[in-house]
Amino acid sequence: MTTRIVELRQGILKKNDELARGLRERFTAAGVLVLNLVSSPGTGKTAFLERTLRELIARGSRAAALVGDLETDNDARRLAASGAPVRQINTHGICHLEAEMISKHLDGWDLAGLDYLFIENVGNLVCPSSYDLGEKIRVALLSVTEGEDKPLKYPTLFNSADAAVITKIDIAEACSFNRELALGNIGEIRPGIRIFETSAKTGAGIEEWLDYLKAGR
Amino acid sequence: MHELSIVASIVDSVTESIAAWPGARVVEVRLRVGALAAVVEDSLQFCFGIATEGTALDGARLVVKTLPVVMYCGHCAAEVQLAGVQSFRCPRCGEPAGDLRHGRELEIEAIEIEDAPDRAEAAAEVME
């Protein structure tokens with residue numbers, strides 16, 4: 001039986017990557033800064049985003065959000081209370097967002113009328129790292145309740161992030177959170193990354209985060 | 001567990017690639033996977049068996065070549081290979097290394113195919 005080898009040399013996620021490239025061009029042309037927020041379930045992505053949207057809108061910025069979950073539109077309803085346009089993406093079992101899902105949920109939105117678009121990914125520290133969504137900034141979030149070694153356990157995500165956000169610092173002491181260790185571990189996996197230490201509840205670190213967003217535009 | 005999505009993409013790409021050889025069967029699929037690609041080989045193998053059932057890839061072997069992480073170290077002015085993914089420091093000088101050059105690959109390198117029996121005979125006749 002004769003067989004032959006056919007060289008393919010092609011990216012497995014080629015379709016996603018091509019779609020993401022198209023989205024990135026669209027976002028750049030529209031002048032909207034797009035961020036992809038990734039963390040475990042329970043880190044507080046939604047609370048952090050609620051606070052961010054509220055503060056941005058109070059300052060006259062135009063911000064919108066897409067939020068991914070397997071089921072329910074609970075997060076979209078929470079975020080919409082900020083006054084920002086919000087759309088829920090239900091993945092029905094898929095553990096990450098893909099570029100095609102983003103593309104489908106942008107219909108009817110005037111991107112040029114936005115300053116910021118936040119994409120809250122499905123709570124998962126593994127799979128979202130493989131899927132480019134066309135974002136300019138990928139943000140990895142980590143709460144003080146999760147353990148300082150999370151970046152070492154999930155290096156693929158932390159290494160691909162452009163910024164890191166530590167959430168819930170208002171309860172850091174109660175959790176015996178070792179700040180130096182956490183910052184060291186993040187830096188070990190992603191040297192030089194910008195790190196924000198925040199509390200959506202007290203507003204700690206939010207000003208610095210908003211300045212970073214403004215500078216990213 | 002996005003390995004099933006990845007395997008589904010592999011089946012689609014390979015099926016498209018062999019459209020030029022009707023009836024051909026895929027014997028082997030060779031992948032290049034970087035150490036930072038966030039996929040687990042066992043999981044890929046398991047999903048591959050399921051996702052290929054009833055396709056031209058049914059029964060094919062999946063061969064995964066894992067590639068190391070390579071960073072550029074500004075201090076040494078050289079590309080350096082990391083021993084693992086727990087510390088992004090240059091193994092030569094110990095300085096933090098942030099410039100990733102390789103390690104996220106997730107590619108189909110090549111496939112091995114077997115022509116449809118009648119076509120193989122036809123090819124053999126032509127050869128004669």
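Residues numbered from 1 in each chain as written. Chains lettered and ligands numbered in written order. Predicted model: local features only at pLDDT ≥ 70, side-chain atom pairs only at ≥ 80, totals over all residues.

Caption draft 1: Here's a closer look at the overall build of chain A. Looking only at helices and strands, one finds eight helices and eight strands in chain A. Here chain A has a C-alpha radius of gyration of 18 Å; the compact-globule value for 217 residues is 17 Å, and the two agree. C-alpha atoms of chain A, sized along the principal axes, occupy 70 × 40 × 35 Å. The contacts in chain A between residues at least 6 apart in sequence include a share of 74% that link residues at least 24 apart. (Helix = DSSP H or I, 4+ residues; strand = E, 2+ residues; numbered from the N terminus. Rg over C-alpha atoms; globule rule 2.2 N^0.38 Å. Contact = placed C-beta atoms within 7 Å.)

Caption draft 2: A look at the overall build of chain B. Check the secondary structure of chain B and you find three helices and six strands. Ordering the α and β elements of chain B from the N terminus gives α-β-α-β-β-β-β-β-α. In summary, chain B has a C-alpha radius of gyration of 20 Å against a globular reference of 14 Å for 128 residues, an excess of more than 25%. If one aligns the C-alpha atoms of chain B with their principal axes, the spans along those axes are about 60 × 35 × 20 Å. Counting over 128 residues, chain B shows a buried share of 32%. Pairs at least 24 residues apart make up 70% of the contacts formed inside chain B by residues separated by at least 6 positions. (Buried ≥ 20, exposed ≤ 12 C-beta atoms within 10 Å, placed from the backbone.)

Caption draft 3: Region of interest: the interface of chain B and chain A. Chain B puts 29 residues into the contact, and the matching count from chain A is 30 residues. Ranked by residue count, the leading element in the side of chain B that touches chain A is strand E6 (residues 106-114) of chain B, at nine residues. Split by residue class, the side of chain B that touches chain A holds 17 nonpolar, eight polar and four charged. Pairing between strand E1 (residues 3-11) of chain A and E6 of chain B: seven bridges, direction antiparallel. Bridging from a neighbouring strand, Thr3 of chain A pairs with Glu114 of chain B of E6 of chain B. (Nonpolar A, V, L, I, M, F, W, Y, C, P; charged D, E, K, R; others polar. Pairing = 2+ DSSP bridges.)

Caption draft 4: Layout of the environment of Leu37 of chain A. Residues and elements named next belong to chain A. Residue placement: Leu37 occurs in strand E2 (residues 33-38). Residue Leu37 is classed as buried on the basis of its C-beta count, with 26 C-beta atoms lying within 10 Å. In this structure the C-alpha to C-alpha distance between Leu37 and Trp209, which are 172 residues apart in sequence, comes to 13 Å. Other than its neighbours up to four places away in sequence, Leu37 contacts Lys45, Leu49, Phe118, Ile119, Glu120, Asn121, Val139 and Leu141.

Caption draft 5: Structural detail: the pairing of strand E3 (residues 70-73) of chain B. Residues and elements named next belong to chain B. The alternating pattern of E3 places Met71 and Cys73 on a buried face and Val70 and Tyr72 on a face that is not buried. In this structure, E3 lies alongside strand E4 (residues 78-81), joined through four bridges in antiparallel fashion. Note that in E4 the partner of Met71 across the bridge is Val80. Here E3 hands over to E4 after four residues, with Ala77 in that stretch at a positive phi of 50°. Note: E3 against strand E5 (residues 99-102), three bridges, orientation antiparallel.

Caption draft 6: Here's a closer look at the nonpolar core. Core analysis: the biggest nonpolar cluster contains 90 residues, and Ala65, Tyr116, Phe118, Ile119, Val139 and Ala140 of chain A together with Val29 of chain B have the highest contact counts within it. Setting aside chain neighbours within four positions, we find Ile119 of chain A in contact with Val34, Leu35, Asn36, Leu37, Leu66, Leu97, Ile102, Leu133 and Glu135 of chain A. (Core = buried A, V, L, I, M, F, W, Y, C linked by C-beta atoms within 7 Å.)

Caption draft 7: Quick look at the sheet that holds E5 of chain B. Residue and element names in this part refer to chain B. Taken together, three strands build an open sheet; the order of strands is E4-E3-E5 and the sheet is antiparallel. Two strands in the sheet have a free side with no partner beyond their single neighbour: E4 and E5. Between one strand axis and the next, the sheet turns through 40° on average, direction left out of account. (Axes fitted to C-alpha atoms, helices over the stretch in contact; angles between N-to-C directions.)

Caption draft 8: Here's a closer look at the domain arrangement of chain B. All names here are of chain B. In terms of domains, chain B is made up of domain 1 (3-68 + 103-127) and domain 2 (70-101). Tallying the contact residues gives four residues for domain 1 and five residues for domain 2. For the side of domain 1 that touches domain 2, the per-class residue count stands at three nonpolar, one polar and no charged. (Domains from an automatic or database assignment.)

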